[in-house]
Amino acid sequence: MKYLIVFLTLLISSILQSKERTANIPHYDLNLNYDPISRKINVSGVLTLPANYAIDNQLDIISLYFYKQLVIDSLVINGLFVDDYDTYSGDKYHMPHSSKFEIPISKEISSKIIRIEFSLSGAMGNLPPKSANVVSENWSELGLYYPWFPVNTEVIKHFTFSLNVAKVLGYEIFGLGTIKQLRDRIQISSSTPANDIIVCYSKKISHFMQKSNSTMLDIYYLTLNETIVEKIAGDILNIDKEYKRWFKISDKTKLTLLESLRQDGGGYGRLTGIVLSNLSGDDYQKFNNSYIKYFAHELAHIYWYKADSNSWEDWLNESLAEYCALMFIREFFGENVFSQIIQKKQVKSNNSPAIWNFDRANSNPEIIEIVLYNKGPLILMELESYIGHSNFKNFLEIVHSNNIKTTRDFIDELKKMFGEECAFWFIHNLNK
Ligand SMILES: [Zn+2]
């Protein structure tokens, strides 16, 4: 009896703990039915926002974006049918063919768990040329550029999800996340924070899996040869292992790498994995440093994603991800390769605007690139030499584990660990 009580107590506390872990971020439960030939699509599901999410994020209205050729068949909020909502033309540059609907959040529900139940249907048309999502008979890649499910990357930046995809005869279905093949459907899910839900449909695909002590890596590919895939897997697991050592992470995690069949639109990184496009095995060998730096930058975003990406605080996401990638390059390829990259960044960031209060929202992409990806990492390199290499690594680990998402808190932490003089010196650097 005593053992049974102990067992039950442990069971209940572990259930509570796992609920607590995921209950503080939004969650999607989705069903997807899509036919790559007719392009007809049906998406239904529930988006659950945790209690107080609306209050904490000062939301009195939530805008959700969806692909403009879809119609809302039903919308239910906390059990109540909503039929008088307006839809507008989307206004986000990364979702060029989108509509949005707005859900007012009343005082009564703002402190509660908010359940937005929806059903959308229609057909997927083409996005502008060179988009990183595409639909065609041979290759369909659905993600938030479409967006095929109601999404708002500013208000609901990170979420967990569980998606059931109806099988389609003659197609392989896969995506970023944990994939389970069930009898009549495929389940794609993520219990760790994700920032997109990518689903791909292809007539053929090859799958490669490799496990390290702490990470399971899936690679879906079609044109690459096995030797290259093994090399890519080794490189990715190497970076992942190193970061987990730096950030003292012992949890088992999951990563996915997809080779997209798109020729245009480029690759992109997400918290759940990486999508590559137009990659040849020869290029991977020839430009190995660049690919490893790219992977290292994207994988660093697993740690650096919490700051507001629409303001100058984005340097905390991008400059830290880029500098972690450079630190990895230094350990992997040595000081010379590192210095060459640093020199290029120094040339690029001459006469550039200061990071402090940088106008992230209204600057052109080249200036953003210079400030966040060139100047920011150089300032972090100066900080590393000011406080010393191992102090710097400890500091990064603390910034990450304390969930620091503003420059103010970053500087406070610097002051706490290394004193006021160091903090002032760093503020001065951010302003130069
Ligand atoms: Zn980045």
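This section reports on the structure supplied with the text.

Analysis parameters
- Residues numbered from 1 in each chain as written.
- Predicted model: local features only at pLDDT ≥ 70, side-chain atom pairs only at ≥ 80, totals over all residues.
- Heavy atoms only, no water.
- Helix = DSSP H or I, 4+ residues; strand = E, 2+ residues; numbered from the N terminus.
- Rg over C-alpha atoms; globule rule 2.2 N^0.38 Å.
- Buried < 20%, exposed > 50% of the residue type's maximum accessible area, 1.4 Å probe, protein only.
- Contact = heavy atoms within 4.5 Å.
- Core = buried A, V, L, I, M, F, W, Y, C linked by side-chain atoms within 4.5 Å.
- Domains from an automatic or database assignment.
- Pairing = 2+ DSSP bridges.
- Axes fitted to C-alpha atoms, helices over the stretch in contact; angles between N-to-C directions.
- Disulfide = S-S within 2.5 Å.
- Expected span 1.5 Å × (residues − 1).

### Remarks on the overall build of the chain
Okay, step 1: Counting secondary structure elements, the chain contains twelve helices and 19 strands.
Okay, step 2: Relative to the compact-globule value of 22 Å for 432 residues, the chain shows a C-alpha radius of gyration of 23 Å, a close match.
Okay, step 3: Each principal axis of the C-alpha distribution contributes one length, and for the chain these read about 60 × 60 × 55 Å.
Okay, step 4: Classification of the 432 residues of the chain by burial places 51% in the buried group.
Okay, step 5: A fraction of 69% describes how many contacts in the chain between residues 6 or more apart in sequence connect residues 24 or more apart.

### Some points on the nonpolar core
Okay, step 1: By size, the foremost hydrophobic cluster in this structure holds 69 residues, and its most contacted members are Ile232, Tyr243, Trp304, Trp315 and Phe410.
Okay, step 2: Residue contributions to this core reach at least three from each of two domains, namely domain 2 (205-300) and domain 3 (312-430).
Okay, step 3: Setting aside chain neighbours within four positions, we find Phe410 in contact with Trp315, Leu316, Leu320, Leu380, Leu383, Phe395, Val399, Ile404 and Phe426.
Okay, step 4: Within the second largest apolar cluster, 66 residues are counted, among which are Leu32, Ile41, Leu64 and Tyr268.

### As for the sheet that holds strand β18 (residues 268-270)
Okay, step 1: Here five strands make up an open sheet; going across it, the order is β15-β16-β17-β19-β18 and the pairing mixed. Edge positions in the open sheet fall to β15 (206-211) and β18, since each of these has one partner strand only. Ignoring which end each strand starts from, the neighbouring axes of this sheet average 15 degrees apart.
Okay, step 2: Strand direction decides the pairing type here: β18 and strand β19 (residues 273-277), joined by three bridges, are antiparallel.

### What about the environment of Gly125?
Okay, step 1: Within the secondary structure, Gly125 sits in the loop between β8 (114-123) and β9 (139-142).
Okay, step 2: Between the C-alpha atoms of Gly125 and Ala354, which are 229 residues apart in sequence, the distance is 42 Å.
Okay, step 3: The contacts of Gly125, once residues within four sequence positions are left out, are Arg39, Tyr67, Gln69, Val135 and Tyr146.

### Brief notes about the sheet that holds β8
Okay, step 1: Ordered by their spatial adjacency, eight strands build an open sheet running β5-β4-β8-β2-β1-β10-β13-β12, and the pairing between neighbours is mixed. Two strands close off the open sheet at either side, each with one partner strand: β5 (80-81) and β12 (178-181).

### Points about the state of the cysteines
Okay, step 1: In the structure shown here, the tally under the stated rule is zero disulfides.
Okay, step 2: With no disulfide partner, Cys324 has as its closest neighbouring cysteine sulfur the one in Cys422, 17 Å distant.
Okay, step 3: Classification of Cys324 as buried rests on a relative accessible area of 1%.

### Focus: helix α6 (residues 288-300)
Okay, step 1: With 13 residues, α6 ought to run about 18 Å at 1.5 Å a step, and its terminal C-alpha atoms sit 18 Å apart, in line with that.
Okay, step 2: Within the sequence span of α6, burial applies to Asn288, Tyr291, Ile292, Phe295, Ala296, His297, Glu298, Leu299 and Ala300.

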